[in-house]
Amino acid sequence: MMVLTKKMIEIRTILQTVGQSNALTLPSIVVIGSQSSGKSSVLEAIVGHEFLPKGSNMVTRRPIELTLVNTPDAQAEYGEFPALGLGKITDFSHIQRTLTELNLAVPDSECVSDDPIQLTISSPHVPDLSLIDLPGYIQVVGHDQPAELKQKISDLCDKYIQPPNVILAISAADVDLANSTALRASRRVDPRGERTIGVVTKMDLVDAPRGASILNDRKYPLRLGYVGVVSRVPPQASSLFKRGNGNIATAISKNEHAYFSAHPLEFGPEAGVNVGTTTLRKKLMHVLEQTMAASLQSTGDAIRQELEEATYEFKVQYNDRPLSAESYLAESLDSFKHSFKEFTENFGRPQVRELLKEELDQKVLDLLASRYWNKPVTNLSPPPPEPDSLADLPTADPESLYWHRKLDASTSALTKLGIGRLATTVVANAIQAHVDRLIAQSTFASHPFARQAITDAASGILNERFYSTSDQVENCIKPYKFEIDVEDGEWTRGRESVAGVLKKELKDCEDAVKAVEKNVGGKRKLKDVMGFVDKARNGEVEVVGDGASGAGGFSSDLLQRGKEAVFLRDRAQLLRLRLSALKSPPCNTSHPNANPNAKYACPEIFLDVVSTKLTSTAVLFLNVELLSEFFYQFPRELDVRLGRGLSKEEVERFAKEDPRVRGHLEVIRRKELLQLVLEKMEGLRELNVEERGRRKVE
Ligand code: GDP
């Protein structure tokens, strides 16, 4: 019963998935022979199909690891390239084309590569066999081939013809066996001829007595013997089968049978020689089965050792901690959701209010600067007269329509700046930034796929909520576009609040001046150039144009810095002036309604009160429409994108993005598979012992 080879091939397939190490290589039959010795024809006769690359230009450049799988209950015959993932290929000319392409992909300069091509052929007509086809030995190097090619091929073959492999040495009958490169190579590694099968092809090309004498060779005795074959497809059958893609084995064996039985004296049962492809197949199966049985012990030992190494690595590197891709993902997701929960507890109305108020403070400052503090230093000519300098404000005529219009325009610029859109953008950006920070601090940081999924989940929800939130907010602040009442308390709080804003702005101006000072190389130098800028603006010195090519002995760059510093100095002066105004009447009133002049004299306070009102109203709706919705939906969206929604392969791919997790998962898988293989091997060993016992009894 030939089950061992089949089982061992199954075991090898498992071992290949854990990255089979050399120690675990199971025996194969390695096919060697000179070019044109008929090597391909023998292999194709065994498989029953033409599938090997053909052509004069050295078409076998890589080893082909050919696994034949007997599928007794199936009809279909097909090949598979496990490394390419092309699926089952039933058209053998397609297999042939693929093999040709794979071989020709090896550059001419290298000519041969030791990277094997794996091919599995399943069919009810093939035996269970594991064969390795190698590039044919060449006698003479072609003019377009590298000189070391001969040696390279020989080295590659030597690598494969080591024990425990069986050597199938192909020689053609019309070439003297003493000149057979295959037999010479086999002799080097198997001097006693214990694991070499000699195949003599093209028996039809020599006369029968000569053929028989070759097979009876005594000069190169082989324990496993010689088999003579005529494995060429008969020409008529060849074209027939090419078209039909049918099995050529019968045609070959009929042809062979016709030839050998025509010479009963030399090849008949009495002659004591082995002939025919069918005989060869049987021999191969038998020999491989025996070799597999003999290697059971050593392969078992090698697997046990690998298992010990994996167990040790698991213990030392991963503390025997169990892990699966699913559990890793689930834990990561849980801990991410937990940190998100913490974030939601610390990011509520007060935080949103602060964010928004800061944003509006900036807008208020911009408005004040452009509408009240306008003293542009854009060129060096004297500035226009400024009747409306803020210095005059406290004493401004309360009845003057000029100041009324100025304040109305400023207020409406604030209320109509698109608060809905602005507020929603600010908060959405803040949430997105917080999510990014949470990702960076989580295990997901090292997982590009998960990072993207989380970012997408967040922006998906935020985008979806954006327009309705922004419309809601805009709607709710609508009343402020028409009228704004200021209560006494609001005025007092506004005064304090805007004083803080101005102080901060003042500090920023002072810091900016210092930065310019540093930039130009000192206080003194800056003072000089600022003095010049001031004089120019007062018309005390004349500057041609705008000083683009320098003036007064200062470079244009320095003049630019000077103008900047003058601007900052003036702004700081103004801010100080306004800060002191805030402390004095009418700004420091606690009853703005009793003093109609107050809001015109102190636009800073009034605009701050407006921005506070806008903020409070916006926050109410942002909280309901955006925050609460986001806090509710986001974890659910995460579950969909990173939990239930992922296939097993995606979870696996995700987990392996992290090299350490990958190592951890792989060692566990390796351990499990090796354990499985070992159990299978133990079973086989018992079976083998029983079988041997049974045979002895018989
Ligand atoms: P490879 O280069 O060793 O793979 O050799 P092939 O199998 O391609 O065969 C080389 C040539 O020998 C081809 O033209 C085959 O048709 C021919 N050939 C192979 N086997 C036989 C055989 O048994 N008898 C005869 N007459 N020709 C054969």
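Parameters and conventions
Residues numbered from 1 in each chain as written. Predicted model: local features only at pLDDT ≥ 70, side-chain atom pairs only at ≥ 80, totals over all residues. Heavy atoms only, no water. Helix = DSSP H or I, 4+ residues; strand = E, 2+ residues; numbered from the N terminus. Polar contact = N/O pair within 3.5 Å; in protein donor to acceptor, adjacent residues only side chain to side chain. Contact = heavy atoms within 4.5 Å. Axes fitted to C-alpha atoms, helices over the stretch in contact; angles between N-to-C directions. Parallel < 35°, antiparallel > 145°, perpendicular 65-115°, else oblique. Left-handed = near helix turned anticlockwise from the far one by under 90°. Nonpolar A, V, L, I, M, F, W, Y, C, P; charged D, E, K, R; others polar. Near = heavy atom within 4 Å. Areas by Shrake-Rupley, 256 points an atom, 1.4 Å probe, with all protein chains shown as cover. Phe/Tyr/Trp six-rings, centres within 6.5 Å; stacked < 30°, edge-to-face > 60°. Buried < 20%, exposed > 50% of the residue type's maximum accessible area, 1.4 Å probe, protein only. Core = buried A, V, L, I, M, F, W, Y, C linked by side-chain atoms within 4.5 Å.

Enquirer: Help me understand the side chain of Asn70 in this model?
Expert: Mapped onto the elements, Asn70 comes out in strand β2 (residues 64-70). At 3.2 Å, the side chain of Asn70 and the backbone oxygen of Pro124 are in polar contact. For Asn70, the residues in contact, after removing those within four places along its chain, are Lys6, Ser123, Pro124, Val126, Pro127 and Asp128.

Enquirer: Just checking my understanding: could you explain the packing of helix α10 (residues 277-318) against helix α22 (residues 659-697) for this structure?
Expert: For any two helices packed against each other, one specifies the inter-axial angle together with the distance between the axes. One way to put it is that α10 packs onto α22 with a least axis distance of 9 Å and a crossing angle of 150°. Classed by the angle they form, the pair α10 and α22 counts as roughly antiparallel. As α10 packs across α22, the resulting crossing turns out to be left-handed. Its residues assigned to classes, the contact of α10 with α22 shows 14 nonpolar, nine polar and eight charged.

Enquirer: Quick question: what am I supposed to make of the site of the ligand here?
Expert: The environment of the ligand is formed by 14 residues, the closest being Ser36, Lys39, Ser40, Ser41 and Asp204. The backbone of Ser37 places a nitrogen or oxygen atom 3.1 Å from an oxygen atom of the ligand. Contacts to the ligand include Ser40, whose side-chain N or O atom sits 2.4 Å from an oxygen atom. When the ligand sits alone it has 570 Å² of accessible area, and the protein chains cover 75% of it. The class makeup of the residues in the shell around the ligand is two nonpolar, eight polar and four charged.

Enquirer: Can you walk me through the packing of aromatic side chains in this structure?
Expert: Ring pairs (aromatic) are described by centroid distance and by the angle formed between their planes. Counted according to the given criterion, the structure contains 17 aromatic pairs. When the ring of Phe444 is compared with that of Phe654, the centres are 5.9 Å apart and the planes differ by 55°; the resulting orientation is tilted. Of this pair, Phe444 sits in the loop between α14 (419-441) and α15 (448-476) while Phe654 sits in helix α21 (residues 648-656); the two residues are 210 residues apart in sequence, bridging distant segments of the chain. Assigned by exposure class, Phe444 and Phe654 land together as buried. In textbook terms, an aromatic cluster arises when at least three aromatic residues are bridged by ring pairs, as seen for Tyr328, Phe336, Phe340, Phe343, Phe347, Phe444, Phe630, Phe631, Phe634 and Phe654.

Enquirer: I'm lost on the environment of Thr455 in this one. Help?
Expert: The topology assignment puts Thr455 in helix α15. When the C-alpha positions of Thr455 and Asp436 are compared, they lie 7.2 Å apart, and in sequence the two are 19 residues distant. The contacts of Thr455, once residues within four sequence positions are left out, are Gln432, Asp436 and Ile439.

Enquirer: I'm lost on the nonpolar core in this one. Help?
Expert: Looking at soluble globular proteins, one finds that nonpolar side chains tend to be buried together. Residues Phe51, Leu280, Phe444, Phe630 and Phe634 are the most contacted members of the largest nonpolar core, which totals 158 residues. Setting aside residues no more than four positions away along its own chain, Phe444 makes contact with Leu329, Ser332, Leu333, Phe336, Ile439, Ala450, Arg451, Ile454, Leu642 and Phe654. Judged by nonpolar contacts, the second largest core, of 37 residues, contains Tyr137, Ile138, Ala182 and Ala185.

Enquirer: Where do I start with unusual backbone geometry in this structure?
Expert: Among all residues save glycine, negative phi is the norm, and among peptide bonds the norm is trans. For the bond running from Pro163 to Pro164, omega is 5°, close enough to zero to count as cis. Position of Pro164 among the secondary structure elements: in the loop between α4 (149-160) and β6 (166-172). Geometrically, the link from Pro585 to Pro586 is a cis peptide bond, its omega value of 0° lying close to zero. The topology assignment puts Pro586 in the loop between α18 (556-583) and α19 (598-601). Of note, the phi angle at Ser36 is positive, near 70°, even though the residue is not glycine. Topologically, Ser36 is positioned in the loop between β1 (29-33) and α2 (39-47). Note on Ser36: relative accessible area 64%, which makes it exposed. At Cys111, a position not held by glycine, the phi torsion is positive, near 70°.

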